[in-house]
Amino acid sequence: MYWTFTISAICTFILSYPPTDYIVHGAHGDMVFSLSMGPVAFVLILFVLGVFMSLGKAAVYKHIPEYYPNNVGAVGGVVGMIGGLGGFLLPLTFGMLLDVTGLWSSCFMLLFVLVAAALSWMHFSILQSHRQVTPEISKVSRDLPELSNPSPLLLTEWNPEDEGFWTSTGKRIANRNLWISIPCLLLAFAMWMVWSVVVINLPNIGFKFTTNQLFW
């Protein structure tokens, strides 16, 4: 996670810098410098950013059973909900920032702020956890219906690193969940992608939207 946040902060900082022209008043006249990024460098940095973001997503879900072994489902659901909210709110915020600032790179400026805040938050949380014992989530969330009257399908033990547990129980549960979750995620992301394709083609079928309005 440290690698993910650090590399993401560096990439978003570079991408957030808008094309700029500098005029330096020298002894023999003015000197003009132009600072901008070409499409090849832009794509390469985006690729690096995407790779480390995917590693970070995997690392988050790897941390859940380690920090909350008795509440993997509940915590995983909260993490997924936050990710869904981010996917919904961020594009709207990008469009708003473009309207306010007029800078195409304002979306990366926001991402840099979010990544830097998350990196700081994670670091200080780790330092704090080394000084005190964090109470288990199960002690403060018994009012949830699914925990007060647990279903027979509720996982009370999940230790996939244990080869014996994985062979006897874990692999079967994981395969069942994958058969359910993968088709649902495929349909969800397909609908997400279709909507994005439809939006950018609205002007081609007669809708008089500006680029900024399409962001909204």
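What counts and what doesn't
- Each chain has its residues counted from 1, running along the sequence as written.
- Note on the predicted model: pLDDT of at least 70 is required for a residue's local features to be given, and 80 or more for side-chain atom pairs to be given and counted; whole-chain, interface and lining totals, by contrast, use all residues.
- The basis for every side-chain value is the complete set of heavy atoms in the structure, and neither hydrogens nor water enter the calculation.
- Each aromatic pair joins two rings of Phe, Tyr and Trp (for Trp, the six-membered one) with centres within 6.5 Å, and gets the label stacked for planes under 30 degrees apart, edge-to-face for over 60, and tilted for any other angle.
- Helix and strand labels come from DSSP, where a helix needs a run of H or I of at least four residues and a strand needs a run of E of at least two; each type is numbered from the N terminus.
- Burial status follows relative accessibility: with a 1.4 Å probe on protein chains alone, a residue under 20% of its type maximum counts as buried, one over 50% as exposed, and anything between as partly exposed.
- Angles run from 0 to 180 degrees between N-to-C directions of axes, and those axes are lines fitted to C-alpha atoms, restricted for helices to the stretch in contact.
- Any angle that is under 35 degrees is reported as roughly parallel, and any over 145 degrees as roughly antiparallel; angles of 65 to 115 degrees are reported as roughly perpendicular and all others as oblique.
- Crossing handedness: left-handed means the near helix sits turned counterclockwise from the far one by under a right angle, and right-handed means the same turn made clockwise.
- Only heavy atoms matter for contacts: two residues are in contact if any of them lie within 4.5 Å across the pair.
- A score between 0 and 100, pLDDT records how confident the predictor is in each residue.
- Take a side-chain nitrogen of Lys or Arg and a carboxyl oxygen of Asp or Glu: if they are within 4 Å of each other, that pair is a salt bridge.
- We call a set of buried Ala, Val, Leu, Ile, Met, Phe, Trp, Tyr and Cys residues a nonpolar core when their side-chain atoms join them within 4.5 Å.
- Multiplying 1.5 Å by the residue count of a helix minus one yields the expected span of that helix.
- Each residue is assigned to one of three groups, with Ala, Val, Leu, Ile, Met, Phe, Trp, Tyr, Cys and Pro labelled nonpolar, Asp, Glu, Lys and Arg labelled charged, and all others, Gly among them, labelled polar.

**Digging into the packing of aromatic side chains**
- Enumeration according to the criterion identifies 4 aromatic pairs in this entry.
- Ring centres of Phe42 and Phe108 lie 6.2 Å apart, and the angle between their planes is 80 degrees; on these two criteria the pair is classed as edge-to-face. Of this pair, Phe42 sits in helix H2 (residues 39-67) while Phe108 sits in helix H4 (residues 106-129); the two residues are 66 residues apart in sequence, bridging distant segments of the chain.
- Under the relative-accessibility criterion, Phe42 is labelled partly exposed at 32%.
- When the centroid spacing of 5.6 Å and the interplanar angle of 25 degrees are considered together, the rings of Phe189 and Trp192 count as stacked.

**Some details on the packing of helix H1 (residues 2-16) against H2**
- Direction vectors running N to C along H1 and H2 enclose 155 degrees, while the axes themselves pass 9 Å from each other. Classified by the interaxial angle, the pair formed by H1 and H2 is roughly antiparallel. Once H1 is placed against H2, the crossing between them reads as left-handed. Note on element contacts: H2 touches H1 through Phe42, Ile45, Leu46, Val48, Leu49, Phe52, Met53, Leu55 and Gly56, opposite Trp3, Thr4, Ile7, Ser8, Cys11, Thr12, Ile14 and Leu15.

**Side note on the confidence of the model for the protein chain**
- A residue-level look at the protein chain finds 89% of positions with pLDDT of 70 or above and a mean pLDDT of 83.
- The spread of mean pLDDT over the elements of the protein chain runs between helix H5 (residues 145-148), the lowest at 57, and H1, the highest at 93.
- Across residues 133-138, where pLDDT falls below 50, the model places 5 contacts with residues more than four positions away in sequence or in other chains.

**What to know about the environment of Lys57**
- By the secondary structure assignment, Lys57 is in helix H2.
- Given a relative accessible area of 51%, Lys57 falls into the exposed group.
- Note: C-alpha distance between Lys57 and Met1 (56 residues apart in sequence) is 8.9 Å.

**Regarding the pattern of salt bridges**
- Within this structure, the stated rule accounts for 1 salt bridge.
- Of the charged contacts in the structure, one is a salt bridge between Lys62 and Glu161, with a shortest N-O distance of 3.6 Å. Residue Lys62 is found in helix H2, and its partner Glu161 is found in the loop between H5 and helix H6 (163-200); the two are separated by 99 residues along the sequence.

**Quick look at the nonpolar core**
- The biggest cluster of nonpolar side chains holds 11 residues, and these are Ile7, Cys11, Leu15, Ile45, Leu49, Phe94, Leu97, Cys107, Phe108, Leu110 and Leu111.
- Counting only elements with at least two residues in this core, the list comes to H1, H2, helix H3 (72-101) and H4.
- In terms of residue count, H4 provides more of this core than any other element does, 4 residues in total.
- In this structure Leu15 touches Met37, Phe42, Ile45, Leu46, Leu49, Ser105 and Phe108, once residues within four positions along its chain are discounted.

**Considerations on H1**
- Taking 1.5 Å per residue, 15 residues should reach 21 Å; H1 reaches 21 Å between its end C-alpha atoms and fits that length.
- Looking at H1, one finds that the buried residues are Thr4, Phe5, Ile7, Ser8, Ala9, Cys11, Thr12, Leu15 and Ser16.

**Points about the packing of H2 against H3**
- Closest axis-to-axis distance for the H2/H3 pair is 9 Å, and the angle between their directions is 150 degrees. Looking at the two axes, H2 sits roughly antiparallel to H3. Considering only the axes of H2 and H3, their crossing is right-handed. Together, Val60, Tyr61, Ile64 and Pro65 of H2 and Val72, Val75, Gly76, Val79 and Gly80 of H3 make up the contact between the two elements.
- Looking at side-chain class alone, the contact of H2 with H3 contains 7 nonpolar, 2 polar and no charged residues.

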